[in-house]
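Chain by chain, the residues:
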Amino acid sequence: MMEELLHSSPGLVNFGIFFLLGTVLLLVVLGFVTYAILAERKVLGFMQNRMGPNQLGGKWGLLQTAADVLKLLLKEDTIPKLADKPLFIIAPVIAFAPSFMVLATIPFTDKLQFADIGVGLLYYIAISGLTTIGAVTAGWASNNKYALLGGMRAAAQMISYEIPLVMSVLGIILLSGSLNLNDIVAAQADTAWFIFLQPVAFFVFLIAATAELTRVPFDLVEAESELIAGFHVEYSGFRWAFFMLSEYVYLFAMSALVTILFFGGWLPLPFLGFIPGAIWFALKFSMVVFIFIWFRATFPRLRADHLMEFGWKVLVPIALANIFLTALGKELFEYFF
Amino acid sequence: MELLNLYQNNYLIVFVFLCLGVILPVVALFLGKLLRPYKPSEAKYTTYESGIEPFHDSRVQFNVRYYIFALMFVIFDVETVFLYPWAVAYDNLGIFALIEMTIFVFMLIIGLVYAWKKKVLKWI
């Protein structure tokens, strides 16, 4: 059905259908966020030898996050008098909208996907870069010293780690010869998962992705011991919730992207092809999410100067070297075989 | 015509996602407005500064290092923009393109090494 729809001439009807389907995805993502937050708290709890949420919704605290969201919805919304009001209001929207937009090109299985555009990977990287503007806008508009420091740090960190992030995927583009995410998965079906062909790129990408998500150990943006909460100090209630939401939607998007780029998306393991692709995708995806949560329980936060130097002095040279070694390896491979 | 339709539909989806991404915060904040209390008081609307009276304007002149890093970002981001089409078309270009790209990136690496030696990358 989707095929026919994509080939029909675009109009209001198509817009309506896409809108409904997009809303379904939005609800799925919100469901994911709700339970990702719970899973994070539970896993962190078990890793630190305590229970985690266990009061609301039975032993597993299944209603904890829903209750938290309701609480936030009922909180009074304060905008400081000195703040730049229009920018203050628009900043959460700037931060959130790109986080949902990047999901448009991500293929979950060979059938289940929205836009199949030729520059899928570039689209993801370009749009995800926009969130930095939301953080800086929030920091600037709050007219608060902590917020401004946090916003500036967010910008410096995100742009510094974007370079190794985009450079590490170049090795994958060289091997698959396409920016389309479907083609990248298809290339992995022909050869092997790219984690085996591009292990260096995988580690650079994973580290840079953690920094882009501003998760521990790279959460200097909201280092609570020095900056209270970073760029969203002055935000309360649901405006604040949208910054948190965009962070977790990015966790969803980034984990999906790692799954597609390095773990072969919906491709099954050998001899297990009878299990549907959606389940494979879900399994690999959950594993990547778990790795991000695991990081949080394991690593202490970096120092600001170490963070910047690590990005520019270690990750950028490694990523650059990886590109040329991959190109050279490909050339040699073609020469000898 | 078929392909044009496909192309337009795909970008229509992107536009739909943009709309949804904007509508959700707007609707949620509007609904929240009906639910949340509104009890203004003078002290609530002061800037938060860990409990002490806020002083000076917070928008002061900032450390120039942030600006230098932004400049570095622009240089290397443009470099990757050049690398992307090269990587996509690499199969058709062959060894000559590899040598050309090596020269291009080498010149940028000189820039990185220069910045490194000048202690630009040292964050204080």
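Report follows, based on the coordinates.

Thresholds applied
Residues numbered from 1 in each chain as written. Chains lettered and ligands numbered in written order. Predicted model: local features only at pLDDT ≥ 70, side-chain atom pairs only at ≥ 80, totals over all residues. Helix = DSSP H or I, 4+ residues; strand = E, 2+ residues; numbered from the N terminus. Rg over C-alpha atoms; globule rule 2.2 N^0.38 Å. Buried ≥ 20, exposed ≤ 12 C-beta atoms within 10 Å, placed from the backbone. Contact = placed C-beta atoms within 7 Å. Nonpolar A, V, L, I, M, F, W, Y, C, P; charged D, E, K, R; others polar. Axes fitted to C-alpha atoms, helices over the stretch in contact; angles between N-to-C directions. Parallel < 35°, antiparallel > 145°, perpendicular 65-115°, else oblique.

### Examining the overall build of chain B
Move 1: Looking only at helices and strands, chain B has four helices and zero strands in total.
Move 2: Going from N to C terminus, chain B has its helices and strands arranged as α-α-α-α.
Move 3: Relative to the globule expectation of 14 Å for 124 residues, the C-alpha radius of gyration of chain B, 25 Å, shows a markedly less compact shape.
Move 4: Referenced to the eigenvectors of the C-alpha coordinate spread, the extents of chain B come out at roughly 70 × 55 × 15 Å.
Move 5: Relative to its 124 residues, chain B shows a buried fraction of 17%.

### Regarding the interface of chain A and chain B
Move 1: Counting residues at the interface gives 68 residues for chain A and 56 residues for chain B.
Move 2: Within the residue set of the side of chain A that touches chain B, elements represented by two or more residues are helix H1 (2-7), helix H2 (12-47), helix H4 (85-101), helix H7 (145-176), helix H12 (237-262) and helix H14 (304-336) of chain A.
Move 3: Here the side of chain A that touches chain B takes 12 residues from H7 of chain A, the largest share from any one element.
Move 4: Classifying every residue of the side of chain A that touches chain B gives 43 nonpolar, 13 polar and 12 charged.

### Quick word on the packing of helix H2 (residues 64-88) of chain B against helix H4 (residues 95-117) of chain B
All names here are of chain B.
Move 1: Orientation of H2 relative to H4, taken along the N-to-C sense of each, is 170°, at an axis distance of 12 Å. Between H2 and H4, the interaxial angle falls into the category roughly antiparallel. Each of Met-72, Ile-75, Glu-79 and Trp-86 in H2 lies in contact with H4, whose residues at this interface are Ala-97, Met-101, Leu-108, Gly-111 and Ala-115.
Move 2: Here the residues of the contact of H2 with H4 sort into seven nonpolar, one polar and one charged.

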